[in-house]
Amino acid sequence: MSIKMQDQITQATQLLNEGHIVGIPTETVYGLAARIDQEDAIKKIFTTKERPFFDPLIVHVASIEQAQKLVQIWPNAAAVLAKTFWPGPLTLVLPKNEKVSSLITSGLQTVGLRMPKHPMALQLIKEVGCPLAAPSANKFGKTSPTNAKHVAVEFARENVFVLDGGECEVGLESTVLLIESVAAGARLSILREGFVTKSKIESTLVTAGISFEFFQANKTASPGHMKHHYMPSIPFVLLKNNSTDIKELKKEILLKISELPEQIEEVKILKPTQIEKLVQLNLSSDPVLAAREFYAKLRLAAETGADLIYFVMHENFTTEPWLALQDRMTKAASLII
Ligand code: TXA
Ligand code: MG
């Protein structure tokens, strides 16, 4: 690590230890972090993000031992998955113990844990000597940040210090996996799609000889999951088919969007009053690269002065490698037609 990076980490460590919040790089998206033992700083995360208190935070650790100290049980399935995918984009939701406050978990008896795969984040957690709670570093409902500048701009008014770790490699938030232990083995439910897919989880557990089954958790298991999220500053529309007639398309969008409510589950739905200029979002045909560029390109498109951004979904969009991106796009969109 360069001297400059180390200096930044030292500064961030000091700020966190004094009870401030700090923007941190991870391989998925940037986070807005606080020490888990500083209640006031945790509250500051919610108020700075304008995030409702019912949406729980993920706790970031620098080792498996640090994670084990925060839970009541560390089932075999968790051990195998952490060993395989940590550090990396997989959050394990497990029964918490008293070291994790209910402010972090929004009153749930479980906590989401992950070890991020970014050398600066890992070094920071080690130097602070305490796990860090961190949601994505964006205002509630808005596009997630994939570089330090995104965070600095988002929280310019709040003057948040950001540890600059460059561009995020994965670009979409971690997979969130609920693990329940039962006598027969583990019951698993994917609460949020991410880079670590269901197939990867399945094959890892099968190889390790762990008994498990997937189930569909009910909505109360993941309170932070809204219909809309990740929204850019101008309306975003997903198209199932490429429209050849732009004039007709504009008319249809205006009509359909005007029929939507102003707000869905506390997130304001963006609606254009007129559509003069449309901008098409173009992403790589490789799902890994498309995920990496999505949020940054969405932000850039929103800054072009257009009235609306649209993206045309392709045939592969419903296949597993695209599921995480499909989920984020569906939520970022005001409308799908
Ligand atoms: O990749 C990521 O996960 C990023 C980076 C910064 O680590 N973090 C992130 O945090 O995406 P956030 O707050 O934007 O999304 C976390 C989501 C919550 O909205 C919630 O749905 C779920 O994770 N979550 C956290 N703790 C949970 C729990 N105990 N039970 C169920 N879901 C939980
Ligand atoms: Mg988020």
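In this convention, every chain numbers its residues from 1, walking through the sequence in written order. Whichever chain is written first becomes A and whichever ligand is written first becomes 1, with later ones labelled in order. Per-residue local features of the predicted model are confined to residues with pLDDT of at least 70, and side-chain atom pairs are confined, for both listing and counting, to 80 or more; whole-chain, interface and lining totals are unaffected and use all residues. Heavy atoms throughout the structure, all of them, feed into the side-chain values; hydrogens and water do not.

## Some thoughts on the nonpolar core
Nonpolar side chains tend toward joint burial in soluble globular proteins. By nonpolar core we mean a set of buried residues, namely Ala, Val, Leu, Ile, Met, Phe, Trp, Tyr and Cys, connected to one another through side-chain atoms within 4.5 Å. With a 1.4 Å probe rolled over the protein chains alone, any residue whose accessible area is under 20% of its type maximum counts as buried; one over 50% counts as exposed, and the rest are partly exposed. Counting 66 residues, the largest nonpolar core has Trp86, Leu92 and Ile179 as its most contacted members. A run of H or I in DSSP counts as a helix once it spans at least four residues, and a run of E counts as a strand once it spans at least two, with each numbered from the N terminus. At six residues, helix α4 (residues 76-85) tops the list of elements feeding residues into this core. Contact partners of Ile179, with chain neighbours within four places excluded, come to Pro75, Ala77, Ala78, Leu81, Leu92, Val93, Leu94, Ala186, Arg187 and Leu188. Within the second largest apolar cluster, 27 residues are counted, among which are Val29, Leu281, Ala291 and Phe317. By the convention used here, residues are in contact when the closest approach between their heavy atoms is within 4.5 Å.

## Considering the environment of Leu132
With respect to the secondary-structure elements, Leu132 resides in strand β6 (residues 132-133). Leu132 gets classed as buried once you look at its relative accessible area, which sits at 0%. Leu132 sits 127 residues away from Glu259 along the chain, and the two C-alpha atoms are 42 Å apart. Residues contacting Leu132, with those up to four places away along its chain left out, are Leu16, Ala33, Ala34, Arg35, Ile36, Ile58, Val59, His60, Leu124 and Ile125.

## A closer look at the packing of aromatic side chains
Aromatic rings from Phe, Tyr and Trp, with only the six-membered ring used for Trp, were paired whenever their centres fell within 6.5 Å, and each pair was classed as stacked if the ring planes differed by under 30 degrees, edge-to-face if by over 60, and tilted otherwise. A full pass over the atoms with the stated rule returns eight aromatic pairs. Look at Trp74 and Trp86: their rings are 6.1 Å apart centre to centre, the planes differ by 55 degrees, and that puts the pair in the tilted class. Within this pair, whereas Trp74 is found in the loop between α3 (64-68) and α4, its partner Trp86 is found in the loop between α4 and β4 (90-95), the two being separated by 12 residues in sequence. Residue class for Trp86 comes out buried when judged on its relative accessible area of 8%. Put simply, the rings of Tyr230, Phe236, Phe294 and Tyr295 pair up and form one aromatic cluster. Across the ring face of Phe214, the terminal group of Lys198 is positioned such that the distance to the ring centre comes to 4.8 Å. A ring is scored as having a charge over it whenever the NZ atom of a lysine or the CZ atom of an arginine sits within 6 Å of its centre and within 35 degrees of its normal.

## A closer look at the layout of surface pockets
Residues are called lining when one of their atoms sits within 4 Å of a cavity or pocket point, these points coming from a 1 Å grid over the protein atoms alone, where a cavity is a set in which a 1.4 Å probe fits but cannot get out and a pocket is an open set with protein on both sides within 12 Å along at least five of seven lines. Grid points are joined across faces, edges and corners, and a volume is the space filled by probe spheres set on the points. Its boundaries defined by the atoms lining it, the largest pocket holds a volume of some 660 Å³. In terms of lining, the largest pocket is formed by 25 residues, of which the most central are Ile190, Leu191, Arg192, Gln216 and His225. Listed by contribution, the elements that provide at least two residues to the lining of the largest pocket are β9 (185-192) and α10 (323-332). In this model, the second largest pocket occupies a volume close to 410 Å³. Elements with a contribution of two residues or more to the lining of the second largest pocket: α9 (287-302) and α10. Counting residues per element, the lining of the second largest pocket draws most heavily on α9, at four residues. Under this grouping Gly is polar, as are all residues other than the nonpolar Ala, Val, Leu, Ile, Met, Phe, Trp, Tyr, Cys and Pro and the charged Asp, Glu, Lys and Arg. In terms of residue class, the lining of the second largest pocket is made up of 13 nonpolar, three polar and six charged.

## Observations concerning the confidence of the model for the protein
Predicted confidence across the protein gives a mean pLDDT of 94, with 100% of residues reaching 70 or more. The predictor rates its confidence in each residue with pLDDT, a number between 0 and 100. Here strand β13 (residues 267-268) stands out as the element of the protein with the lowest mean pLDDT, 76, in contrast to strand β3 (residues 58-60), whose mean of 99 is the highest.

## Brief notes about the side chain of Lys331
Structurally, Lys331 is set in helix α10. When its relative accessible area of 14% is taken as the criterion, Lys331 is described as buried. When residues no more than four places from it in sequence are discounted, the contact partners of Lys331 are His225, Met226, Lys227, His228, His229, Tyr230 and Met231.

## Let's talk about helix α1 (residues 3-17)
For α1, which comprises 15 residues, the first-to-last C-alpha distance of 21 Å matches the rise-based estimate of 21 Å (1.5 Å per residue) to within 8%. Among all positions in α1, only Gln8, Ile9, Ala12, Thr13 and Leu16 are buried. For α1, the buried positions fall inside an angular range of 140 degrees around the axis, keeping them on one side. Set apart from the buried face of α1 by more than 90 degrees, the exposed residues are Ile3 and Lys4. For α1, the elements touching its buried residues are β1 (22-24), β2 (31-35), α5 (119-128), β6 and β7 (161-162). In this scheme, a helix's expected span is set at 1.5 Å multiplied by one less than its residue total. Directions pointing from the helix axis toward each C-beta atom define the arc.

## Focus on the packing of α4 against helix α7 (residues 198-207)
The interhelical angle for the contact between α4 and α7, taken along N-to-C directions, is 115 degrees, at an axis separation of 10 Å. Every pair of crossing elements has a handedness; the one defined by α4 and α7 is right-handed. Across the interface between the two elements, Ala77, Val80, Leu81, Thr84 and Phe85 of α4 pack against Lys200, Ile201, Thr204 and Leu205 of α7. Among the residues forming the contact of α4 with α7, the class breakdown is six nonpolar, two polar and one charged. Inter-axis angles, ranging from 0 to 180 degrees, are taken between N-to-C directions of lines fitted to C-alpha atoms, where helices are fitted over the stretch in contact. With the far helix as reference, a near helix turned anticlockwise by less than a right angle produces a left-handed crossing, and one turned clockwise produces a right-handed crossing.

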